[in-house]
Each structure stands twice: as structure tokens, then as C-alpha cells.
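Below are the chains, spelled out letter by letter.
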Protein chains: 2
Amino acid sequence: MAGIKDYGFRMTPQRMAILDFLEGNTSHPSAEEIYQAVLQKYPMISFATVYNTLEALRKNGKVWELNIDDDRKRYDPNTHSHHHLLCTKCRKIVDIHYDFDLRFPDEQTQGFKVTGSHVEFYGLCQDCAEMEESK
Amino acid sequence: MAGIKDYGFRMTPQRMAILDFLEGNTSHPSAEEIYQAVLQKYPMISFATVYNTLEALRKNGKVWELNIDDDRKRYDPNTHSHHHLLCTKCRKIVDIHYDFDLRFPDEQTQGFKVTGSHVEFYGLCQDCAEMEESK
DNA sequence: TTCTCTGCAAATGCTTTGCAGAGGC
DNA sequence: GCCTCTGCAAAGCATTTGCAGAGAA
């Protein structure tokens with residue numbers, strides 16, 4: 001079982017369950033979805049624990065918190081540089097693995113020290129696009 | 001005074017005040033900041049009206065709703081293609097006007113029909129970077 | 001005159017917090 | 001055994017909504 005050394009915080013069954021669910025997950029779940037999923041295997045978990053764990057994971061660089069969705073945060077266990085494509089209808093998010101050239105002229109930074117970047121694409125997923133067409 | 005033809009919705013003094021404040025504004029204000037600013041000139045405006053107007057403007061393509069900030073939406077009256085740079089400390093947002101090459105291989109889209117894109121940069125603004133250094 | 005918009009206040013929904021007890025290290 | 005983590009419940013905020021009256025077109 002992974003110990004404190006691997007994650008920088010105390011390991012508990014609840015946190016193990018959350019990590020298990022997130023491991024390799026590419027669905028970009030919300031806190032609610034994570035809570036519901038963990039509830040299946042671990043009926044005694046609370047929302048506070050989910051948020052607490054996600055915050056701990058975020059601080060330790062184990063998950064990304066995505067603001068791409070209008071009304072809830074989404075979480076991504078893949079913290080290797082990648083980008084996202086959001087369906088504006090069903091809110092599905094998929095990964096874009098491509099190394100864009102995001103350099104731009106220094107005079108635009110207004111003195112900022114840039115530390116990271118992220119590209120968001122918007123569109124309609126196949127299912128939603130087909131539904132639009134058949135209207 | 002601008003009429004319904006220009007905006008696609010009924011013009012009222014409250015809406016004029018909001019439009020006046022947003023006109024040319026590059027501070028990417030939140031709803032709260034817009035409310036506070038309009039309150040100065042127009043003491044009888046309510047929050048509901050601010051949100052209602054912003055939603056009407058958004059639907060008519062007159063403002064962008066930015067999700068770049070963690071815990072509140074930010075509004076941008078500049079709807080010409082551009083990107084943003086956020087200070088992760090003071091949450092200041094500045095515009096990046098640069099035409100990035102955001103093409104990527106079709107096989108990554110998973111059938112999505114892409115309709116838009118936006119690049120977010122993160123970093124520290126000059127003031128915050130200097131504060132960090134002098135610690 | 002018509003019908004959308006307004007202000008108010010309450011509701012909603014996501015996220016955070018206080019606290020006392022549990023349990024990982 | 002110490003101290004962080006947990007569950008619960010309540011609080012905190014941003015945003016939305018219901019409604020009756022006001023006022024723009």
C-alpha cells in the first residue's frame with residue numbers, strides 16, 4: 001500500500017479508494033462523480049473527505065483541477081502536459097495530446113513570469129453533432 | 001441611445017450602465033465587480049439584473065464568460081479572438097493578442113466538431129513576482 | 001398597450017469549514 | 001501516542017429563480 005512518502009500525506013482507505021478511481025481515469029470527473037463512484041466501494045465516505053483529498057492531491061501535483069466547465073470543477077489525474085476539448089452540449093471532455101507552439105512576443109506579457117499554459121477547445125462531440133443534424 | 005436592434009434585447013438604464021462600464025474594459029471583472037462599479041452611478045441596480053444582463057450579452061455574443069478563475073466567472077467585453085494570462089497569486093488577468101497555430105491531428109478529435117479555442121497562460125504578474133523575490 | 005425587464009428575497013448548488021472522535025504512522 | 005484525517009452538519013458564496021410591479025418599445 002502506498003505510504004506517506006509517495007504522496008506527501010497520510011494514506012487512508014478513503015484516499016486509496018479515491019486514488020483507485022482516479023488512476024488512469026480519462027473521464028475528467030467532478031467531485032460529485034468521484035463521490036458517487038467511491039460510494040459504491042466505500043459506503044461511508046463523506047463529501048468533505050472527497051474535497052479534502054482532492055485538495056491534498058492538487059497541492060502535491062497529483063491531479064489537475066480543470067475550470068473548463070462552467071459550473072463545476074473537474075479533476076484530471078493525468079498531470080503530464082496535455083490539453084482539452086469540451087463538448088459544449090453534453091459537457092464531455094476529451095484529452096488532446098499535442099505539443100503546440102505557444103511562444104509569443106515578450107512585449108505581450110506585461111512583466112508576467114509565465115509558468116504554465118493550457119489550450120481549451122470547444123465543439124460538439126460526435127453524438128451531439130449527430131443529434132443536431134437530425135433535428 | 002442604442003436600441004433593441006443593436007443588441008437584440010430591450011435597452012434599459014441599468015443595461016446602459018453595465019455596457020458603459022464594460023466598454024473598452026480590459027480588467028476582466030467578475031459579476032460582483034460589475035455590480036459594485038455600476039452601483040456608483042446607478043444606486044438602484046440589483047444583482048439579478050447584472051446576471052440577467054450578462055447572460056443576455058453572452059447569448060448575443062457581446063461578452064465572453066471566462067472560466068479561467070477558480071471560483072468566479074469573469075467577463076470580457078472583447079470578443080475578438082484573443083487569449084489570457086492569469087496571475088495565480090493576485091488573480092489579475094491580461095490579454096494576449098497573438099495568433100497561435102492550434103491545428104492538431106484529426107485522430108485526436110474523437111469525432112468532435114471543433115468550433116472554438118482559447119489559450120490560458122498561468123504565471124506571476126510583475127508585482128507578485130517581486131513580492132516573492134523579496135521574501 | 002404589450003411584454004420584457006427590474007428589484008427583492010429566497011432558493012439552489014457547489015465547495016468549505018468547525019468540531020469531536022477515529023485511526024494511520 | 002501524536003496529530004492528521006474522517007464524517008457530519010452547518011455555513012459560505014456565487015449564481016439563479018419566482019413574482020408582482022415598472023417601464024421600454
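In this report, we go over the structure that sits alongside the text. (Residues numbered from 1 in each chain as written. Chains lettered and ligands numbered in written order. Predicted model: local features only at pLDDT ≥ 70, side-chain atom pairs only at ≥ 80, totals over all residues. Heavy atoms only, no water.)

With an RMSD of 0.0 Å, the fit of chain B onto chain A corresponds to turning through 180° and sliding 0.0 Å along the axis. The relationship between the two copies is best expressed as a two-fold rotation axis. In terms of proximity to the rotation axis, the leading residue of chain B is Val119 of chain B, whose C-alpha is 2.2 Å off the axis. (Least-squares fit on C-alpha atoms with pLDDT ≥ 70 in both.)

Below, the discussion takes up the packing of aromatic side chains. The tally for this structure, following the rule as stated, stands at 12 aromatic pairs over all chains. For the pair Phe104 of chain A and Phe100 of chain B, a centre-to-centre distance of 6.2 Å together with 85° between the ring planes defines the contact as edge-to-face. Highlighted residues: Phe104 of chain A in the loop between strand E4 (93–96) and strand E5 (113–124) and Phe100 of chain B in the loop between strand E4 (93–96) and strand E5 (113–124), drawn from two different chains. You'll find Phe104 of chain A and Phe100 of chain B in the same group, each marked buried. (Phe/Tyr/Trp six-rings, centres within 6.5 Å; stacked < 30°, edge-to-face > 60°. Helix = DSSP H or I, 4+ residues; strand = E, 2+ residues; numbered from the N terminus. Buried < 20%, exposed > 50% of the residue type's maximum accessible area, 1.4 Å probe, protein only.)

At the junction of the two partners, chain B supplies 42 residues and chain A supplies 42 residues. Where chain B abuts chain A, roughly 3400 Å² becomes buried across the two surfaces, and 58% of that area is made up of carbon and sulfur atoms. Per-residue buried area on chain B facing chain A is highest for Asn67, Gln108 and Phe112 of chain B; these three make up 18% of the total on that side. Our count for the contact surface shared by chain B and chain A stands at 0 salt bridges. Where chain B meets chain A, there are 14 residue pairs in polar contact (both at pLDDT 80 or more). Counting only elements with at least two residues in the side of chain B that touches chain A, the list comes to strand E3 (83–87), E4, E5 and helix H5 (126–133) of chain B. When residues in the side of chain B that touches chain A are grouped by element, the largest group, 12 residues, is from E5 of chain B. Of the residues in the side of chain B that touches chain A, the class split is 19 nonpolar, 12 polar and 11 charged. By the bridge criterion, 11 bridges tie E5 of chain A to E5 of chain B in an arrangement that is antiparallel. (Contact = heavy atoms within 4.5 Å. Buried area = accessible area lost by both parts, 1.4 Å probe. Salt bridge = Lys/Arg side-chain N within 4 Å of Asp/Glu carboxyl O. Polar contact = N/O pair within 3.5 Å; in protein donor to acceptor, adjacent residues only side chain to side chain. Nonpolar A, V, L, I, M, F, W, Y, C, P; charged D, E, K, R; others polar. Pairing = 2+ DSSP bridges.)

This part is about the side chain of Arg15 of chain B. Residue and element names in this part refer to chain B. Mapped onto the secondary structure, Arg15 falls in helix H2 (residues 13–22). Buried within the structure, Arg15 lacks any salt-bridge partner; its nearest side chain of opposite charge belongs to Glu55, at an N-O separation of 10 Å. Within the local environment of Arg15, its side chain forms a polar contact with the side chain of Asn52, the two groups lying 3.3 Å apart. Not counting residues within four places of it along the chain, the set of residues in contact with Arg15 comprises Phe9, Arg10, Asn52, Thr53 and Ala56. (Lys, Arg positive; Asp, Glu negative; His and termini not counted.)

Around DNA strand C, the surrounding shell holds 20 residues, and the nearest of these are Met11, Tyr51 and Arg72 of chain A together with Met44 and Thr49 of chain B. At a separation of 2.8 Å, a phosphate oxygen of DNA strand C approaches a polar side-chain atom of Thr12 of chain B. Here Arg15 of chain B contributes a side-chain N or O atom positioned 3.0 Å from a phosphate oxygen of DNA strand C. Sort the elements by how many residues they give to the surface near DNA strand C and helix H4 (residues 47–59) of chain B lands first, with 3 residues. (Near = heavy atom within 4 Å.)

What follows deals with the sheet that holds E4 of chain B. Pairing is mixed in the open sheet, where 6 strands are placed in the order E4(A)-E3(A)-E5(A)-E5(B)-E3(B)-E4(B). Only two strands of the sheet have a single neighbouring strand rather than two, namely E4 of chain A together with E4 of chain B. On average, each strand axis in the sheet is tilted by 25° relative to the strand beside it, whichever way the strands run. Along the sheet, helix H5 (residues 126–133) of chain A makes contact with strand E3 (83–87) and E5 of chain A together with E5 of chain B, crossing E5 of chain A at roughly 35°. On the sheet, H5 of chain B packs against E5 of chain A together with E3 and E5 of chain B and is oriented at approximately 40° with respect to E5 of chain B. (Axes fitted to C-alpha atoms, helices over the stretch in contact; angles between N-to-C directions.)

Attention now goes to the protein's contact with DNA strand D. The environment of DNA strand D is made up of 20 residues, and the closest members are Gln14, Met44 and Thr49 of chain A together with Tyr51 and Arg72 of chain B. Among atoms of DNA strand D positioned within 4 Å of the protein, sugar and phosphate together represent 75%. With respect to DNA strand D, the backbone of Met11 of chain B contributes an N or O atom lying 2.9 Å from a sugar or linking oxygen. Within the residue set of the surface near DNA strand D, elements represented by two or more residues are helix H2 (13–22) and helix H4 (47–59) of chain A together with H4 of chain B. It is H4 of chain A that contributes the most residues to the surface near DNA strand D, 3 residues altogether. Taken together, the residues that form the surface near DNA strand D break down as 9 nonpolar, 5 polar and 6 charged.

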